[in-house]
Amino acid sequence: NAVSASTIYEVAIGPNGYLADGSVCWEPEQGAVWRSTDGLAWERLEAQGAFDAGGQPDSAVAVEHGWVMLVGLHVGSALFHSSDGVAWEPVIEVDANRVSRGIEALTDGPGGLLAVGTADGLDETYDGVVWRSGDGRTWERVALDDPAMVGDGEVYLHDIVGYAGGYLATGMRGTAEQRRACEELGLVASIIDLPVQPPERTTSCALGDEALWALAHGITWERV
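Keep in mind it's a predicted model, so treat the numbers as computed, not measured.

Calculation rules
- Residues numbered from 1 in each chain as written.
- Predicted model: local features only at pLDDT ≥ 70, side-chain atom pairs only at ≥ 80, totals over all residues.
- Heavy atoms only, no water.
- Helix = DSSP H or I, 4+ residues; strand = E, 2+ residues; numbered from the N terminus.
- Rg over C-alpha atoms; globule rule 2.2 N^0.38 Å.
- Buried < 20%, exposed > 50% of the residue type's maximum accessible area, 1.4 Å probe, protein only.
- Areas by Shrake-Rupley, 256 points an atom, 1.4 Å probe, with all protein chains shown as cover.
- Lys, Arg positive; Asp, Glu negative; His and termini not counted.
- Charge placed at Lys NZ, Arg CZ, Asp CG, Glu CD.
- Pairing = 2+ DSSP bridges.
- Salt bridge = Lys/Arg side-chain N within 4 Å of Asp/Glu carboxyl O.
- Contact = heavy atoms within 4.5 Å.
- Polar contact = N/O pair within 3.5 Å; in protein donor to acceptor, adjacent residues only side chain to side chain.
- Axes fitted to C-alpha atoms, helices over the stretch in contact; angles between N-to-C directions.

On to the overall build of the protein chain, then. Scanning the protein chain from terminus to terminus reveals one helix and 16 strands. A globule of 224 residues ought to have a C-alpha radius of gyration of about 17 Å, and the protein chain, at 19 Å, matches this closely. Considering only C-alpha atoms, the protein chain reaches an extent of 55 × 45 × 25 Å along its principal axes. Scored against the burial criterion, the 224 residues of the protein chain give a buried share of 46%. Carbon and sulfur atoms make up 50% of the accessible area of the protein chain, which totals about 11800 Å². Positive and negative charge centroids in the protein chain, built from 12 and 35 side chains respectively, lie 4 Å apart.

Of all eight residues in strand 6 (residues 66-73), seven are buried; the element is thus mostly enclosed. Two strands pair when backbone bridges link them, and strand 5 (residues 56-63) and strand 6 are joined in this way by seven bridges, in the antiparallel orientation. Residue pairing for strand 6: Ala-60 is matched across the bridge by Met-69. Following strand 5, the chain reverses through two residues before pairing antiparallel with strand 6. Inspection of the sheet shows strand 6 paired to strand 7 (residues 76-82) by seven bridges, in the antiparallel sense. Across the sheet, the residue bridging to Val-71 is Ala-78, located in strand 7.

Attention now goes to the pattern of salt bridges. Close approach of charged atoms lets side chains of opposite charge pair. Evaluated as defined, the whole model comprises nine salt bridges. Put simply, Glu-43 and Arg-35 hold a salt bridge, and the shortest N to O gap is 3.7 Å. Here Arg-35 falls in the partly exposed class, since its relative accessible area comes to 26%. Taking the shortest distance from any N to any O, the salt bridge between Glu-183 and Arg-98 comes out at 4.0 Å. Pair noted here: Glu-183 is in helix 1 (residues 176-184) and Arg-98 is in the loop between strand 8 (89-95) and strand 9 (103-109), with a separation of 85 residues, a long-range link. A residue is classified by how much of its surface remains accessible, and Glu-183, at 21% relative accessible area, is partly exposed. Among the charged side chains, a network of salt bridges with common partners joins Arg-98, Glu-154, Arg-179 and Glu-183.

Right, let's get into the environment of Gly-165. Here Gly-165 shows up in the loop between strand 13 (154-163) and strand 14 (166-174). In this structure, the C-alpha to C-alpha distance between Gly-165 and Gly-111, residues 54 residues apart in sequence, is 9.8 Å. Contact partners of Gly-165, with chain neighbours within four places excluded, come to Pro-110, Leu-215 and Ala-216.

Now for the side chain of Glu-154. Structurally, Glu-154 can be placed in strand 13. Assessed through its relative accessible area of 0%, Glu-154 is described here as buried. Separated by 3.4 Å, the side chain of Glu-154 and the backbone nitrogen of Tyr-126 make a polar contact. A polar contact of 2.6 Å, which involves the side chain of Glu-154, links it to the side chain of Arg-179. Not counting residues up to four positions away in its chain, the partners in contact with Glu-154 are Glu-124, Thr-125, Tyr-126, Met-172, Arg-173, Gly-174, Thr-175, Ala-176 and Arg-179.

Turning our eyes to something else, we now look at the sheet that holds strand 10 (residues 112-120). Across the sheet, which stays open at both edges, the four strands sit in the order 9-10-11-12 with antiparallel pairing between neighbours. Either end of the sheet is taken by a strand with one partner, and the two such strands are strand 9 and strand 12 (140-142). Averaged over neighbouring strand pairs, the angle between their axes works out to 30 degrees when direction is ignored. Pairing between strand 9 and strand 10: six bridges, direction antiparallel. Bridge assignment links Ile-103 to a residue of strand 10, and that residue is Gly-117.

Here it is in structure tokens:
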């Protein structure tokens, strides 16, 4: 409308047409989705359930019977499914932690839909997390015992892309000591509301080194 600005983040193209996700601000300020059958004429939809409590869309992918959208929540993240772009139902909801909002990225590829992020590990470190779905409605967590994602060290998955040969994930790999150094400096506590101690000295830190992981065949990830 005349007093609002609109921003498009991404467009998902599939059997049911085009779906754009983004946001509008001022009157009102909220997440938004638009749908088109030909990419030329667009209609803004009232996305029911997707942006409650201030949720903001991040990305969307098309599936055979609708769309899946990644939405950032105030205290975490969620994946929503919709068959028409209007009524959205949550299919995964993940709490945030100190280093991640939970789910960070979503993609489609030759093995179906994959979502990645970072979660608390059983050994009080952080592990890379991968979820898989064939239809966008039913999801399962995979790579639970994959040494490339869990075990020694810490893995933070930031993004993933599907291509003809498989999937490529990007992120960081580090140690608990590196992460604790950042926490002591107050540089890893902005995602959720936790008390932060003032740093004893002024310096810098890094959670780890940038890293890439590939999944070509099967279910085992390889660091590349």
